[in-house]
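# Commentary on secondary and tertiary structure
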Amino acid sequence: MTMTNLAELLSESHSDYLVYDLGRRVQPLESQVFDAICAQQRPYPYPLQDHAWFAVVFWPKLQAEQPEPFLWFLKMPLDERGLLNHAAQQEFMAHVIALLGQQITGALSDEQEQQLQQSAYLFTPSEAKRAALHAQLITTWQRPPSRYFSAALTEFQTPTPDGWQHLGLQGIHDVAMRLAEHPEVVKAITENFATYPEPLQNALAEALEHTQPPVQLRDKLLPLLNAEQMQLRMNALRALAGFANTAEMQQALGQRIPLATADELVIITARLWPALIGASPEGASSGSSLMESYLLRLAELNNAALFAGIVRDLLRLPETRIFALGLVQRNDLPTPLYQVWQQFIGAKS
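These notes cover the structure that comes with them.

Criteria and thresholds
Residues numbered from 1 in each chain as written. Predicted model: local features only at pLDDT ≥ 70, side-chain atom pairs only at ≥ 80, totals over all residues. Heavy atoms only, no water. Helix = DSSP H or I, 4+ residues; strand = E, 2+ residues; numbered from the N terminus. Buried < 20%, exposed > 50% of the residue type's maximum accessible area, 1.4 Å probe, protein only. Polar contact = N/O pair within 3.5 Å; in protein donor to acceptor, adjacent residues only side chain to side chain. Salt bridge = Lys/Arg side-chain N within 4 Å of Asp/Glu carboxyl O. 1 Å grid on protein atoms, 1.4 Å probe; cavity = no way out; pocket = protein on both sides within 12 Å on 5 of 7 lines; lining within 4 Å. Points joined across faces, edges and corners; volume = space filled by probe spheres on them. Nonpolar A, V, L, I, M, F, W, Y, C, P; charged D, E, K, R; others polar. Axes fitted to C-alpha atoms, helices over the stretch in contact; angles between N-to-C directions. Parallel < 35°, antiparallel > 145°, perpendicular 65-115°, else oblique. Contact = heavy atoms within 4.5 Å. Core = buried A, V, L, I, M, F, W, Y, C linked by side-chain atoms within 4.5 Å.

## A look at the environment of threonine 246
Structurally, threonine 246 can be placed in the loop between helix 11 (230-239) and helix 12 (247-256). For threonine 246, a relative accessible area of 18% puts it in the buried group. Remark: the alpha-carbon pair of threonine 246 and glycine 278, spanning 32 residues in sequence, is separated by 8.2 Å. From its side chain, threonine 246 meets the backbone oxygen of phenylalanine 243 in a polar contact 2.8 Å long.

## Here's the deal with the pattern of salt bridges
A complete count under the given rule lists 14 salt bridges for this structure. Arginine 238 is paired through a salt bridge with glutamate 209; the nearest N and O atoms lie 2.9 Å apart. Taken as a pair, arginine 238 in helix 11 and glutamate 209 in the loop between helix 9 (198-208) and helix 10 (215-221) lie far apart in primary sequence, 29 residues in all. Looking at glutamate 209, the relative accessible area reads 1%, which means it is buried.

## What about empty space enclosed by the protein?
According to the stated counting rule, one finds 1 cavity of 30 Å³ or more in the structure shown. Within this model, the largest cavity holds a volume of roughly 40 Å³. Lining of the largest cavity is provided by Ala132, Ala135, Gln136, His173, Ala176, Met177, Ala207, His210 and Thr211. Of all elements in the fold, only helix 5 (127-140) and helix 7 (169-177) reach the threshold of two or more residues within the lining of the largest cavity. Among the residues forming the lining of the largest cavity, the class breakdown is 5 nonpolar, 4 polar and no charged.

## Looking at the packing of helix 6 (residues 149-157) against helix 8 (residues 183-192)
At their nearest, the axes of helix 6 and helix 8 sit 8 Å apart, and the two run at 50 degrees to each other. In terms of axis orientation, helix 6 runs oblique to helix 8. Mapping the contact onto sequence places Leu153, Phe156 and Gln157 in helix 6 and Glu184, Val185, Ala188, Ile189 and Asn192 in helix 8. Per-class residue counts for the contact of helix 6 with helix 8 are 5 nonpolar, 2 polar and 1 charged.

## Topic: the nonpolar core
Core analysis: the biggest nonpolar cluster contains 67 residues, and Phe156, Tyr294 and Leu295 have the highest contact counts within it. Ranked by residues supplied to this core, first place goes to helix 15 (residues 304-316) with 7 residues. Setting aside chain neighbours within four positions, we find phenylalanine 156 in contact with Ile172, Val175, Val185, Ala188, Ile189, Asn192, Tyr196, Leu200 and Leu204. Core analysis: the next-biggest nonpolar cluster, separate from the first, contains 35 residues, Leu10, Leu29, Val56 and Leu100 among them.

## Some words on the layout of surface pockets
Taken as a whole, the largest pocket holds about 400 Å³ of empty space. Lining the largest pocket are 25 residues, and of these Arg25, His210, Thr211, Gln212 and Gly242 sit closest to its centre. The set of elements that each furnish at least two residues to the lining of the largest pocket consists of strand 2 (27-29) and helix 7. Of the residues contributing to the lining of the largest pocket, the split by class is 13 nonpolar, 7 polar and 5 charged. Here the second largest pocket is characterised by a volume of approximately 300 Å³.

Written out as structure tokens, the structure is:
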């Protein structure tokens, strides 16, 4: 059989595999979805900078024990339709097969590993995204958390002024991933999130944005979207990314967006984009979305480069593209939005 894409390479090598998006939120991609993406039957759902950023975790089929997987961090270009570039897949596959043959789960020599890492399609994720991925994998495989877990659990429950300095980042992500098992820690976080030392609060927010936290956390953090301190507002936004599809989150954003700063708008489109196509509080019955108030606020900031960057991002995301296009093509746009949109399309032509 001639292999034409990455999914076929994994299948033909008799590998089981898991795939995660690493561009926006660290989140799993169903195998059927990944297969369809590789076959160019559907666009990549979470594009960032015109690329798909994903982790492919694979191991030999029928392995008796829990897998010690192989791992590729892949950055693949997308075409103008948002489909995974076919030539890039072919080039990467040719590089892999030249080094390893079709049995890609064999042990690599140091020289093979170095040659593989020279591929233009491999990248090194941030430490936080690697920690988030590891936390999700060991939870999926029902393995115990890292050795840093216990100290992080204790620090979140009984915070100290400088205890955060001794925590391992992996422990923070392990706690964020396992909150449902520790209601006492959820309670402590809801009570202390706003007063945690800023480095600890930042790290916790970055870990939570890749998870689906318990609902109690959402209800306690939503009021922080209107906090006076900008960093606290931004951390609350990131921590609440897993609730972007909920009516409660969309209602809170409907109140916050008209006052949002540029940094808050960037976080919303990068981490909470599904909220923008949810019904706004004022228009729930008519089905209108938050997209109009979001783009209007973006226009009001009078930053053409920021507007262009975010709008391009929204037009590349399959979930938001149709909503954004439908909105800006209306003939009754608010004046500030109409003007900056005309400037945007004029710059493109």
